[in-house]
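Per-entry structural report
Spelled out from the first residue to the last, the chains are:
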Amino acid sequence: MLTQRDEVDRDALPLWQREALEMFEAKMRDKNEPFPCVPATQGFYLNHFRYGFVGNPREASAIEELAALMTEFTKNSRQFGKYTSLIIFFETSSDDFRSLTVEQFEQLFWDVLNRLHQFDESAWPSHIPQDPHHPLWEFCFHGEPYFVFCATPAHAKRKSRSFPYCMLAITPRWVLQQFRASPSAAKVQAEIRKRLERYDSIPAHPHLNSYGHDENYEWLQYFLRDDQTSLSKCPFHAHLRGKQ
């Protein structure tokens, strides 16, 4: 079930779920090293976020759980506030996950998105290209375009993408469009870049860009490695399978 953090019975949560939620709260509340994404911190403090806990991402049951959470969120997200996102924590506390490299988590991330797509009962939106190598492509679910942000325990230099559990922050495109249309958007984006320079121990990834620009591909920003490299081709294969 989707939940708000102030409505959670923390004593009833399994240990890993309580830890994940409390670690996320600590990351968002850190005043000494503020999280770079200003709209994300606003969404957190305004309680616009919704949270979901999912099992081992390698298991089919976890993807089914994720699909149910995504469907519920999509149906109700416009009621949650203008800074809403769906925060997903995966159960990745076992030793075999702790030993994964950033690149192995990257492979797992795209495997999750490919399998999640198979649970989507809605048609791909007609206004969104199906080929990820198009500047207007982005991941869609239940007819809604989303930006998908992944953080992992393997990230070290890129602290903005580091989290003790594998985590997704899934933001509807309409949230980002509203932000970009605001008079303060350019000023806030400049502040985000400044914060990012202080937060991470390496420069901003060269593929960080704005949706819709000819040189921009959203999929490149979903999972950023701990260096400046990236995959040459998008691993999301829905368009190759012909799934609509």
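Description of the structure in this document.

Quick notes on the rules
Residues numbered from 1 in each chain as written. Predicted model: local features only at pLDDT ≥ 70, side-chain atom pairs only at ≥ 80, totals over all residues. Heavy atoms only, no water. 1 Å grid on protein atoms, 1.4 Å probe; cavity = no way out; pocket = protein on both sides within 12 Å on 5 of 7 lines; lining within 4 Å. Points joined across faces, edges and corners; volume = space filled by probe spheres on them. Helix = DSSP H or I, 4+ residues; strand = E, 2+ residues; numbered from the N terminus. Nonpolar A, V, L, I, M, F, W, Y, C, P; charged D, E, K, R; others polar. Buried < 20%, exposed > 50% of the residue type's maximum accessible area, 1.4 Å probe, protein only. Contact = heavy atoms within 4.5 Å. Pairing = 2+ DSSP bridges. Salt bridge = Lys/Arg side-chain N within 4 Å of Asp/Glu carboxyl O.

A short note on empty space enclosed by the protein
Per the stated rule, a full pass over the model turns up 2 cavities of 30 Å³ or more. Roughly 50 Å³ of volume is contained in the largest cavity. In terms of lining, the largest cavity is formed by E106, W110, W219, L220, F223, R225, T229, S230 and L231. Listed by contribution, the elements that provide at least two residues to the lining of the largest cavity are α5 (102–117) and α8 (219–222). Tallied by class, residues from the lining of the largest cavity come to 5 nonpolar, 2 polar and 2 charged. Looking at the second largest cavity, its volume works out to about 30 Å³. Taken together, F90, L108, F109, V112, C150, C166 and L168 make up the lining of the second largest cavity. With 3 residues, α5 is the single largest residue contributor to the lining of the second largest cavity.

So, the layout of surface pockets
When its volume is computed, the largest pocket comes out at roughly 1,100 Å³. The set of elements that each furnish at least two residues to the lining of the largest pocket consists of α1 (15–29), α2 (38–45), β4 (144–151), β5 (167–172), α6 (173–181) and α7 (185–199). In terms of residue count, α6 provides more of the lining of the largest pocket than any other element does, 5 residues in total.

Considerations on α6
Turning to α6, its buried residues number three or more, namely R173, W174, V175 and F179. Its buried side turned inward, α6 meets α2, β4, β5 and α7.

Some points on the pairing of β5
With respect to burial, β5 is a largely interior element, 6 of its 6 residues being buried. Taken together, the 4 bridges between strand β2 (residues 86–90) and β5 define a ladder with antiparallel strand orientation. Note on β5: the bridge partner recorded for L86 is I170. In this structure, β4 lies alongside β5, joined through 6 bridges in antiparallel fashion. Looking across to β5, one finds that A151 is bridged to M167.

Observations concerning the pattern of salt bridges
If the charged atoms of two oppositely charged side chains come close together, the side chains can form a pair. Taken as a whole and assessed by the stated rule, the structure comprises 10 salt bridges. A salt bridge links E144 to R78, with the nearest nitrogen and oxygen atoms 3.9 Å apart. Of this pair, E144 sits in strand β4 while R78 sits in the loop between α3 (60–76) and β2, placing them 66 residues apart in sequence. Among the residues examined, E144 registers a relative accessible area of 13% and is labelled buried. Where salt bridges share partners, they join E138, R173 and E218 into one cluster.

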